[in-house]
Amino acid sequence: MKEQAIRSTPGIPMLLLLLLAQGLAVYLFASNLPGEGGSGWALLASGLLTLAVLVSLGGFYMVEPNQAAVLSLFGKYVGTVKDQGLRWNNPFFAAKKVSLRVRNFESGKLKVNELDGSPIEIASVIVWQVVDSAEAVYNVDDYESFVHIQSEAALRAMASAYPYDQHDDGGIALRSHAAEISKHLTEEIQERLAQAGVNVLEARISHLAYAPEIAQAMLQRQQASAIIAARTRIVEGAVSMVEMALEQLSARQVVELDPERRAQMVSNLLVVLCGERGTQPVVNAGSVY
């Protein structure tokens, strides 16, 4: 079922035409009253004309900006009218209004297991728009409810495909890669809503947190990981500075160091450099552990 445009008649000229027709019907009736030598055919024409006007009034409908009227005749899809204002079509057509405006909603907080199996709470904001009124009306029962349910299903599927935090370089995580996650979520939702004539303009995470039962433990793990990463950077920097100092001493021939004195100098430099930053590596016989 694909949307197809259908022509409609402007409502104001049609309304004026019907008023003229009704005026004519009144004139025919008034000038041919029974008992005054009036024509029976004129009275019949007046009655039929009045009936036609009354039936034709059912063909008027209003189309607002960014709105479509889906027309059907006895259950069969006829076409879609997007012309704004008062419109007129066959009075036997049934018109169903569909909004084409951009809409958004925020899903509820869902509890799902991320890639590593930890329970998390996640919610998203979805911005969407109907682009095919026929599909929205006839392919699904209630397209607004369909959008909400399928969006939450897509959010669950996406959240379970990524870890909460990034563990490896180059890996995508829910917390640290907002752009990539939003793109994947948009594609996931669009794939599910394509048959409903809906276009997903944007989807992004609005809430992300560990579930309350594990939040404290995960906070402690994050703090421990941060401390380990900081100390690793400190040790790497200290080793690089010691290596640079020894190279410059050798290049400038400031002092000749035998292996024992070289190890002692390395130990002293590492103690000074790392001690200033709160981390002291264990040095033994010129090797750093």
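To be clear, the structure that these remarks concern was listed above.
On a predicted model such as this, the values are computed, not experimentally measured, just so you know.

> Please clarify how the sheet that holds strand S5 (residues 85–88) should be interpreted in this entry.
Adjacent strands of a sheet form backbone hydrogen bonds with each other and so pair up, either parallel or antiparallel. Sheet architecture is open: three strands sit in the order S1-S5-S2, paired in antiparallel fashion. Two strands lie at the open edges of the sheet, namely strand S1 (9–10) and strand S2 (60–63), each paired on one side alone. Strand direction decides the pairing type here: S1 and S5, joined by two bridges, are antiparallel. In the strand pairing of S5, Pro10 is matched with Arg87.

> Looking at this model, I keep getting lost on the environment of Gln166. Mind explaining?
Along the polypeptide, Gln166 turns up in the loop between helix H4 (143–159) and helix H5 (178–193). Along the chain, Gln166 and His177 lie 11 residues apart, while their C-alpha atoms are 8.9 Å from each other. Those residues within four positions of Gln166 in sequence are excluded, and the remaining contacts are Gly171, Ala173, Ser176 and His177.

> Where do I start with unusual backbone geometry in this structure?
Negative phi values dominate among residues other than glycine, just as trans dominates among peptide bonds. For Asn66, which is not a glycine, the phi torsion comes out positive at approximately 55°. Relative to the assigned elements, Asn66 resides in the loop between S2 and strand S3 (67–73). The residue Phe74 is not glycine, and still its phi comes out positive at about 55°. Its place among the elements puts Phe74 in the loop between S3 and strand S4 (76–81). You can call Phe74 exposed: its relative accessible area is 72%.

> Looking at this structure, I do not really get the packing of aromatic side chains. What am I missing?
Geometry of an aromatic ring pair is reported as the spacing of the ring centres plus the angle between the planes. Overall, the coordinates contain three aromatic pairs when judged by the stated rule. Taken together, a centroid distance of 6.4 Å and an interplanar angle of 75° make the contact between Trp128 and Tyr143 edge-to-face. Here Tyr143 lies in helix H4 and Trp128 lies in strand S9 (residues 119–130), a separation of 15 residues in the sequence.

> Whenever I open this one, the packing of H4 against H5 confuses me. Can you help?
Between two packed helices, the angle of one axis relative to the other and the distance separating the axes together describe the packing. It is at 9 Å that the axes of H4 and H5 come closest, and there the two elements cross at 135°. In terms of orientation, H4 and H5 fall into the oblique class. H4 and H5 meet at a crossing whose hand is right-handed. Across from Phe146, Val147, Gln150, Ser151, Ala153, Ala154, Leu155, Ala157 and Met158 in H4, the residues of H5 making contact are Ile181, His184, Leu185, Glu188, Ile189, Arg192 and Leu193.

> Looking at this structure, I do not really get the sheet that holds S4. What am I missing?
Sheet architecture is open: three strands sit in the order S4-S3-S6, paired in antiparallel fashion. Each of the sheet's edge strands pairs with one partner strand only, and the pair in question is S4 and strand S6 (93–99). Strand after strand, the sheet turns through a mean of 25° between neighbouring axes, direction not considered. One ladder, built from five bridges, connects S3 with S4; its direction is antiparallel.

> Help me out: how do you make sense of a nonpolar patch on the surface in this one?
Among the surface-exposed residues, Trp41, Leu44, Leu48, Leu51, Val55, Phe74 and Phe92 lie close enough to one another that they form a single nonpolar patch of about 850 Å² accessible area. Looking at the element boundaries, Val55 is found in helix H2 (residues 40–56). Assessed through its relative accessible area of 37%, Val55 is described here as partly exposed.

> Mind showing me how you'd approach the side chain of Ser133 here?
Mapped onto the secondary structure, Ser133 falls in helix H3 (residues 133–138). Within the structure, the side chain of Ser133 is placed 2.6 Å from the side chain of Glu3, a separation counted as a polar contact. Apart from residues no more than four positions distant in its own chain, Ser133 is found in contact with Glu3, Ala68, Val70, Thr80 and Val98.

Thresholds applied
- Residues numbered from 1 in each chain as written.
- Predicted model: local features only at pLDDT ≥ 70, side-chain atom pairs only at ≥ 80, totals over all residues.
- Heavy atoms only, no water.
- Pairing = 2+ DSSP bridges.
- Helix = DSSP H or I, 4+ residues; strand = E, 2+ residues; numbered from the N terminus.
- Contact = heavy atoms within 4.5 Å.
- Buried < 20%, exposed > 50% of the residue type's maximum accessible area, 1.4 Å probe, protein only.
- Phe/Tyr/Trp six-rings, centres within 6.5 Å; stacked < 30°, edge-to-face > 60°.
- Axes fitted to C-alpha atoms, helices over the stretch in contact; angles between N-to-C directions.
- Parallel < 35°, antiparallel > 145°, perpendicular 65-115°, else oblique.
- Left-handed = near helix turned anticlockwise from the far one by under 90°.
- Patch = residues over 30% accessible without salt bridge, like charges linked within 9 Å, V, L, I, M, F, W, Y side chains within 5 Å.
- Areas by Shrake-Rupley, 256 points an atom, 1.4 Å probe, with all protein chains shown as cover.
- Salt bridge = Lys/Arg side-chain N within 4 Å of Asp/Glu carboxyl O.
- Polar contact = N/O pair within 3.5 Å; in protein donor to acceptor, adjacent residues only side chain to side chain.

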